[in-house]
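Listed below, chain by chain, are the residues.
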Amino acid sequence: MRGQKNGLVAFSFSRRDCTPCPLRTACLSAPAPRPRVLVVHPREPYEARMNAIRTQHTPEWQKVYNQRAGIEGTISQAVRISDLRHSRYRGLPKNHLQNVLTGIAINIRRLGAHYAPTQTKPRRPTRIQALYDTHHIGKPA
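So, here's what we can say about the structure. (Residues numbered from 1 in each chain as written. Predicted model: local features only at pLDDT ≥ 70, side-chain atom pairs only at ≥ 80, totals over all residues. Heavy atoms only, no water.)

**Considering the overall build of the protein**
Summing up its helical and strand segments, the protein has six helices and three strands in all. Across the protein, helices and strands are ordered from the amino to the carboxyl terminus as β-β-α-α-β-α-α-α-α. With respect to the three principal axes, the spread of C-alpha positions in the protein is 75 × 65 × 35 Å. Scored against the burial criterion, the 141 residues of the protein give a buried share of 9%. Considering only contacts within the protein whose residues lie at least 6 apart along the sequence, 38% involve residues at least 24 apart. Accessible area of the protein: about 12800 Å², with a carbon and sulfur share of 59%. Within the protein, the 7 negative side-chain charges are centred at a point lying 10 Å from the centre of the 24 positive side-chain charges. (Helix = DSSP H or I, 4+ residues; strand = E, 2+ residues; numbered from the N terminus. Buried < 20%, exposed > 50% of the residue type's maximum accessible area, 1.4 Å probe, protein only. Contact = heavy atoms within 4.5 Å. Areas by Shrake-Rupley, 256 points an atom, 1.4 Å probe, with all protein chains shown as cover. Lys, Arg positive; Asp, Glu negative; His and termini not counted. Charge placed at Lys NZ, Arg CZ, Asp CG, Glu CD.)

**So, the environment of Asn107**
In this fold, Asn107 is placed in helix α5 (residues 92-115). For the pair Asn107 and Thr74, spaced 33 residues apart in the sequence, the C-alpha separation amounts to 9.9 Å.

**Quick notes on the packing of aromatic side chains**
Summed over the entire model, instances satisfying the criterion amount to one aromatic pair. Between the aromatic rings of Trp61 and Tyr65, the centroid separation amounts to 5.1 Å while the plane-to-plane angle is 10°, which identifies the pairing as stacked. Of this pair, Trp61 and Tyr65 both sit in helix α4 (residues 59-82), four residues apart, which is roughly one turn of the helix. A residue is classified by how much of its surface remains accessible, and Trp61, at 30% relative accessible area, is partly exposed. Among the residues examined, Tyr65 registers a relative accessible area of 41% and is labelled partly exposed. (Phe/Tyr/Trp six-rings, centres within 6.5 Å; stacked < 30°, edge-to-face > 60°.)

**Description of a nonpolar patch on the surface**
Taken together, the side chains of Leu97, Val100, Leu101, Ile104 and Ile108 make up a nonpolar region of the molecular surface, amounting to roughly 450 Å² of accessible area. Here Val100 lies in helix α5. The class of Val100 is partly exposed, set by a relative accessible area of 36%. (Patch = residues over 30% accessible without salt bridge, like charges linked within 9 Å, V, L, I, M, F, W, Y side chains within 5 Å. Salt bridge = Lys/Arg side-chain N within 4 Å of Asp/Glu carboxyl O.)

**A closer look at unusual backbone geometry**
The backbone of Asp83 shows a phi angle near 50°, a positive value even though the residue is not glycine. Structurally, the position occupied by Asp83 is in the loop between α4 and α5. In this structure, His136 is a non-glycine residue whose phi angle is positive, near 55°. Mapping His136 onto the fold places it in the segment after α6 (127-134). The exposed category is assigned to His136, whose relative accessible area is 60%.

This is the structure:
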């Protein structure tokens, strides 16, 4: 057992045990004289990680994550539409005005998308789907 620079712990098997093992090819893909090395996290970081993964499946965490996803979506939209990361002006008052106007523009765009009737044309079928339709493949009889 030896510690590594990044805090992981490595366990090395001896060559004497690893090389003649009949399951060596199933265990690792390193060339023959190299022994098996297992690298694991120390107990405390591992348990903290597993607890974090477990909490991700709770309804409370899902609710918070959904809020965060909505906020990040708004920021992404602001950056893509109006290049919010770069200011066109110098000085805090003008930058603030640009951010306020950008927020208003995003809200207007969202309202327009919400109230506009959706006029989506049906997609043209793919060639495979057209072939299936022609020969009546996959349709209930």
